[in-house]
Amino acid sequence: MTTVFVPGDAAAVSVGAGEVATAFAAAGTRVVRNGSRGMLWLEPLVEVETERGRIGFGNVTVEDVGALAAGVSRRSQGDLLNQRGCIGVVDDHPWLAGQHRVSFARVGVVDPASIADYEQHGGWAGLRRALSLSPAEVVSEVTDSGLRGRGGAGFPAGIKWRTVLETGADQKFVACNFDEGDSGTFADRMIVEGDPFTLVEGMTIAAHAVGATEGYVYVRSEYPHAIAALRRAIDAAYTHGYLGRDVLGSGLVFDLHVRVGAGAYICGEESSMLDSLEGKRGEVRAKPPIPAVAGLFGRPTAVNNVLTLCAVPMVLAEGAAAYADLGTGRSRGTQVFQLAGNIKQGGIVELPFGVTLGELVEQYGGGTLTGRPVRAVQVGGPLGAYLPPERFDLPMDYEAFAEAGAMVGHGGIVVFDETVDMARMARFAMEFCSVESCGKCTPCRIGSTRGVETIDRIIAGHNVSRNLTLLDDLCETMTKGSLCAMGGLTPVPVQSAIRHWPEDFEGASA
Amino acid sequence: MTTVPATDRGALVRAIATQHLDERGALMPVLHDVNEELGHIDREDVETVADVLNLSVADVHGVVSFYHDFRTAPPAAHTVALCRAEACQAVGAEALYADTSARAGGLGDGVEVREIFCLGNCALGPSGTVDGRLHGRLSAERLTSLTSGWRP
């Protein structure tokens, strides 16, 4: 019987995929709820299995299902290819064919509920190889691959793991930061919804590498679909011996737990996340000690982002060199870029580091959804810089972005058209910080509130140049005096907006 | 979520907290369960949870008040949560939020409209949830249609 794939991904469901899947099932079609291919502007993107490969249909509605289901049951490719929204063989679609998918290779392809499907598509090969190596050898592989933390800071994963491995303790932990709260990012969510076993495998490899017996995934409460997918995957992994008392007969003991956040943005900061996991207010800790030495419950803890851990199985399965061969400079491997905001073709683009910002926004993204010219893009989340189209030549590379006063961060790119008011966006950055600050340090807690007030005075045209000086001074205090990146980087969007669009800060809108 | 008499409520909260006793850092899972099963976390619940987990009332209160998800009063009959983060702002979320807040009463009785920051649906904004269900590409018209069942 022909299989029809209808994504169960939250983004697809948000535009009607659930109703479409129900309609196919009612028509007697066999339906698999796969992840999303990441071509989000085409969701719900339905795929039909044929001899030529999986044929895709974009923006399918319940009304389209009858004709599609009839074509499927007659096994008539001619009927199918003439259907509304047909995009041909999905793997050959130029948007996908040009990408180099490593982390996202299985997302949208496999059935995320099927552990057998995962294994058939190369799953568990990394874990099997890791268990045949000593912990130190696994750490060396990860170090040699050049893999850097994908959560935004870009710290080398192998060095972090080595610290945990070499710190003596009665108990160690691995903790996955799945508190993906930055606007413009959804790759963590999509990989867990579409290929959850990869995270389980990556965390189990991490546990073996650093000597941990317990792991925690801290996932935000805004992601109920991902929580369900992950819990289902963990249950299946226990049943099949990939988690628990004796992983694959290797003697490795590893228990994996899911913990749900409660709507606090700051808990994406690793030390706040650890406090939250301990059942406390998510307040930032002063460093040192670093979590690798004294993390969760004071024990050595490897804290990694979802995408970092999801890259680990491939590094182990194919070897460090295969990963390090991709990328540019000190940015090795691939990065999962997320095109968001006012963009015609939003979604996931996974490519080796080095692709330019302009290629992503214009070629992959196709420009703005509204069709107006791009005025600004924000790269790397709410704490990332706003950049004008004049900087579209920038290669996506940690160092090149740092030189330009910006950051690649986790690869989220939010596009704004010419109607955006950059003084409003600067104000929002301060407002968001004032709402979400944990309150522990003064520059962040008070500074953000004073920042909103100062920008309000600038917008209203009061003493503009003196208030701009004051704002600059305030930004410097926040940058240098805050305990963590929230207060420390909130000035980045503010100051980049002032630098690139000074005309929006002349108080003319008063 | 049901209305529970005070005495039963205390026993229920105690039972929920006791279920999590052998977990490390059990407070967050306990509060989530109380919030979900009883609709909100009131002052007496805080005291009960503190007692079961052997924490101070101040510690538990501190955690309840820190996180946006934990309610200290019963939830509204219906909730619309609209994303106001950058990616949704780029496609008109501010106007949608202002417009929806202004006409909350018109959507139905006991409707709460609140802001939320990012639902991870940033390529299909403006995003929001209607009684907990995620929707993308929202507009005033779409919200009217999604909430049509709320009006008598």
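Everything discussed here concerns the structure shown above.
All values reported here derive from a predicted model rather than from experimental measurement. Counting from 1, residues in each chain are numbered in the order their sequence is written. Throughout, the order in which chains and ligands are written sets their labels, letters from A for the former and numbers from 1 for the latter. Residue-level local features of this predicted model are given only where pLDDT is at least 70; pairs of side-chain atoms are given and counted only at 80 or more, and the full residue set underlies all totals for whole chains, interfaces and linings. Side-chain metrics in this entry use all non-hydrogen atoms of the structure; hydrogen atoms and water are not considered.

Participant: Whenever I open this one, the overall build of chain B confuses me. Can you help?
Facilitator: Helix and strand counts for chain B stand at eight helices and four strands. Secondary structure elements are defined from DSSP: runs of H or I of at least 4 residues count as helices, runs of E of at least 2 residues count as strands, and each element is numbered from the N terminus. When the helices and strands of chain B are listed from N to C terminus, the series reads α-α-α-α-β-α-α-α-β-β-β-α. Taking all 152 residues of chain B together, the buried fraction comes to 51%. Contacts spanning at least 24 positions in sequence make up 61% of the contacts within chain B whose residues lie at least 6 apart. Each accessible area value is a Shrake-Rupley result obtained with a 1.4 Å probe; residue values ignore everything except the protein chains displayed when judging cover. Accessible surface, chain B as shown: approximately 6,800 Å² in total, 51% of it carbon and sulfur. Under the scheme applied here, a residue whose accessible area is under 20% of the maximum for its type counts as buried, over 50% as exposed, and between as partly exposed, the area being computed with a 1.4 Å probe on protein chains only. Only heavy atoms matter for contacts: two residues are in contact if any of them lie within 4.5 Å across the pair.

Participant: What should I look at first to understand the sheet that holds strand 6 (residues 173-178) of chain A in this one?
Facilitator: Backbone-to-backbone hydrogen bonds pair the strands of a sheet. The strands run either parallel or antiparallel. Residues and elements named next belong to chain A. Any two strands with at least two DSSP bridges between them are considered paired. On the basis of which strands lie adjacent, the open sheet formed by four strands has the order 8-7-6-9 and parallel pairing. The sheet is open, and its two edges are formed by strand 8 (255-260) and strand 9 (301-305), each paired on a single side. With direction set aside, neighbouring strand axes in the sheet form an average angle of 20°. Sheet topology places strand 6 next to strand 7 (residues 214-219); six bridges connect them, and they run parallel. The partner of F178 across the bridge, within strand 7, is V219. Axis lines are fitted to C-alpha atoms, over the contacting stretch for helices. Their N-to-C directions set the angle, which ranges from 0 to 180 degrees.

Participant: Which parts of the structure should I look at to understand the layout of surface pockets?
Facilitator: Taking a probe equal in size to a water molecule and rolling it over the atoms shows the remaining empty space. All names here are of chain A. Approximately 1,100 Å³ is the volume attributed to the second largest pocket. Using protein atoms alone on a 1 Å grid, points that fit a 1.4 Å probe yet trap it form a cavity, whereas open point sets bounded by protein on both sides within 12 Å along at least five of seven lines form a pocket; residues with an atom within 4 Å of a point count as lining. The wall of the second largest pocket is formed by 45 residues, among which G151, G152, A153, G268 and E270 lie closest to the centre. Among the secondary structure elements, those contributing two or more residues to the lining of the second largest pocket are helix 9 (157-166), strand 6, strand 9, helix 14 (306-318) and helix 21 (485-489). Broken down by element, the residue count for the lining of the second largest pocket peaks at four residues, all from strand 9. Grid points are joined across faces, edges and corners, and a volume is the space filled by probe spheres set on the points.

Participant: Hey, could you run me through the interface of chain B and chain A in this one?
Facilitator: By a widely used convention, the size of an interface equals the accessible area lost when the partners come together. Tallying the contact residues gives 36 residues for chain B and 61 residues for chain A. When two parts are brought into contact, each loses some accessible area as probed by a 1.4 Å sphere; the total of that loss over both is the buried area. Surface buried jointly by chain B and chain A totals about 3,700 Å² across both partners, of which 57% is contributed by carbon and sulfur atoms. Looking at the side of chain B facing chain A, the largest losses of area belong to B:R24, B:F66 and B:E86, adding up to 21% of the total buried there. The salt bridge definition used is simple: a Lys or Arg side-chain nitrogen within 4 Å of an Asp or Glu carboxyl oxygen. At the junction of chain B and chain A, the tally comes to four salt bridges. Taking the shortest distance from any N to any O, the salt bridge between A:R259 and B:E23 comes out at 3.6 Å. Polar contacts, as used here, are pairs of N or O atoms within 3.5 Å; protein pairs need one atom able to donate a hydrogen and one able to accept it. Residues neighboring in sequence count only if both atoms are side-chain atoms. At the junction of chain B and chain A, the tally comes to 25 residue pairs in polar contact (both at pLDDT 80 or more). Polar here means any residue other than Ala, Val, Leu, Ile, Met, Phe, Trp, Tyr, Cys and Pro, which are nonpolar, and Asp, Glu, Lys and Arg, which are charged; Gly is therefore polar. The class makeup of the residues in the side of chain B that touches chain A is 19 nonpolar, ten polar and seven charged.

Participant: So what exactly am I meant to see when it comes to the nonpolar core here?
Facilitator: Buried together is how nonpolar side chains tend to be arranged in soluble globular proteins. Working definition of a nonpolar core: buried Ala, Val, Leu, Ile, Met, Phe, Trp, Tyr and Cys residues. They are joined through side-chain atoms within 4.5 Å. Ranked by internal contacts, the top residues of the largest apolar core, which has 157 residues, are A:W161, A:L199 and B:Y67. Among the nonpolar cores identified, the runner-up in size contains 33 residues, and A:V90, A:V349, A:V374 and A:L394 belong to it.

Participant: How do you make sense of the environment of B:F117 when you look at a structure like this?
Facilitator: Position of B:F117 relative to the elements: it lies in the loop between strand 2 (111-116) and strand 3 (128-130). Residue classification places B:F117 among the buried positions, given a relative accessible area of 12%. It is 17 Å that separates the C-alpha atoms of B:F117 and B:R71, two residues lying 46 residues apart in sequence. Those residues in contact with B:F117 that lie beyond four places of it in its chain are A:G181, A:R220, A:F428, A:F432, A:V435, A:E436, B:C83, B:R84 and B:A85.

Participant: Mind showing me how you'd approach the pairing of strand 4 (residues 53-57) of chain A here?
Facilitator: The two faces of a sheet get side chains in turn, since along a regular strand they alternate between them. Residues and elements named next belong to chain A. Among the five residues in strand 4, four count as buried, and that is most of the element. With five bridges joining them, strand 3 (residues 46-50) and strand 4 adopt antiparallel strand pairing. Looking across to strand 4, one finds that T50 is bridged to G53. Between strand 3 and the antiparallel strand that follows it, strand 4, lie two residues. Pairing of strand 4 with strand 5 (residues 86-89), which is carried by three bridges, proceeds in the antiparallel orientation.

Participant: Sorry if this is basic, but what is going on with empty space enclosed by the protein here?
Facilitator: All names here are of chain A. One pass over the full model with this rule turns up two cavities of 30 Å³ or more. Approximately 70 Å³ is the volume attributed to the largest cavity. What lines the largest cavity is I266, V284, S437, C438, G439, K440, C441, C444, L483, C484, M486 and G487. Along the lines of polarity and charge, the residues of the lining of the largest cavity split into eight nonpolar, three polar and one charged. Approximately 30 Å³ is the volume attributed to the second largest cavity. Of the residues that constitute the lining of the second largest cavity, the class distribution is four nonpolar, one polar and two charged.

Participant: Looking at this structure, how should I read helix 19 (residues 442-459) of chain A?
Facilitator: It helps to recall that an α-helix has 3.6 residues per turn; residues three or four apart then point in one direction. Residues and elements named next belong to chain A. End to end, helix 19 covers 25 Å across 18 residues, agreeing with the expected 26 Å (1.5 Å per residue, within 8%). Note on bend: the value at a residue is the angle between axes fitted to the seven residues ending there and to the seven starting there. Remark: the principal bend of helix 19, roughly 25°, maps to S448. If you check which residues of helix 19 are buried, you get P443, C444, G447, S448, G451, V452, T454, I455, I458 and I459. Elements that come into contact with the buried residues of helix 19 comprise helix 18 (422-436), helix 20 (464-481), helix 21 and helix 22 (491-500). Of the residues flanking the end of helix 19, it is G461, one or two places downstream, whose phi is positive at about 85°. The span expected for a helix works out to 1.5 Å for each residue beyond the first.

Participant: Explanation requested: the pattern of salt bridges in the structure shown.
Facilitator: Opposite charge on two side chains permits pairing when their charged atoms draw close. Applying the stated criterion to the full structure yields 38 salt bridges over all chains. Across the pair A:E141 and A:R129 runs a salt bridge, and its minimum N-O distance is 3.4 Å. Remark: A:R129 occurs in helix 7 (residues 125-131) and A:E141 occurs in helix 8 (residues 135-145); sequence separation between them is twelve residues. Relative accessible area serves as the criterion here: at 16%, A:E141 is assigned to the buried category. Across the salt bridge formed by A:E214 and B:R24, the nearest N and O atoms sit 2.8 Å from each other. With A:E214 in strand 7 and B:R24 in the loop between helix 1 (6-19) and helix 2 (27-38), this pair bridges two chains. Judged by its relative accessible area of 13%, A:E214 falls in the buried class. For B:R24, a relative accessible area of 31% corresponds to the partly exposed category. One connected set of salt bridges, linked through shared partners, spans A:R427, A:E431, A:D456, B:R84, B:E94 and B:E115.

Participant: Where do I start with the packing of aromatic side chains in this structure?
Facilitator: For Phe, Tyr and Trp, where Trp contributes only its six-membered ring, two rings pair if their centres lie within 6.5 Å, and the inter-plane angle classes them as stacked under 30 degrees, edge-to-face over 60, or tilted in between. Evaluated as defined, the whole model comprises 17 aromatic pairs over all chains. Taking the centre distance of 5.8 Å and the plane angle of 65° together, the rings of A:Y386 and A:F416 count as edge-to-face. In this pair, A:Y386 is assigned in strand 15 (residues 386-387) and A:F416 in strand 16 (residues 412-417), connecting sequence segments 30 residues apart. Residues A:F432 and B:F117 carry aromatic rings whose centres are separated by 5.0 Å and whose planes lie at 70° to one another, so their mutual orientation is edge-to-face.

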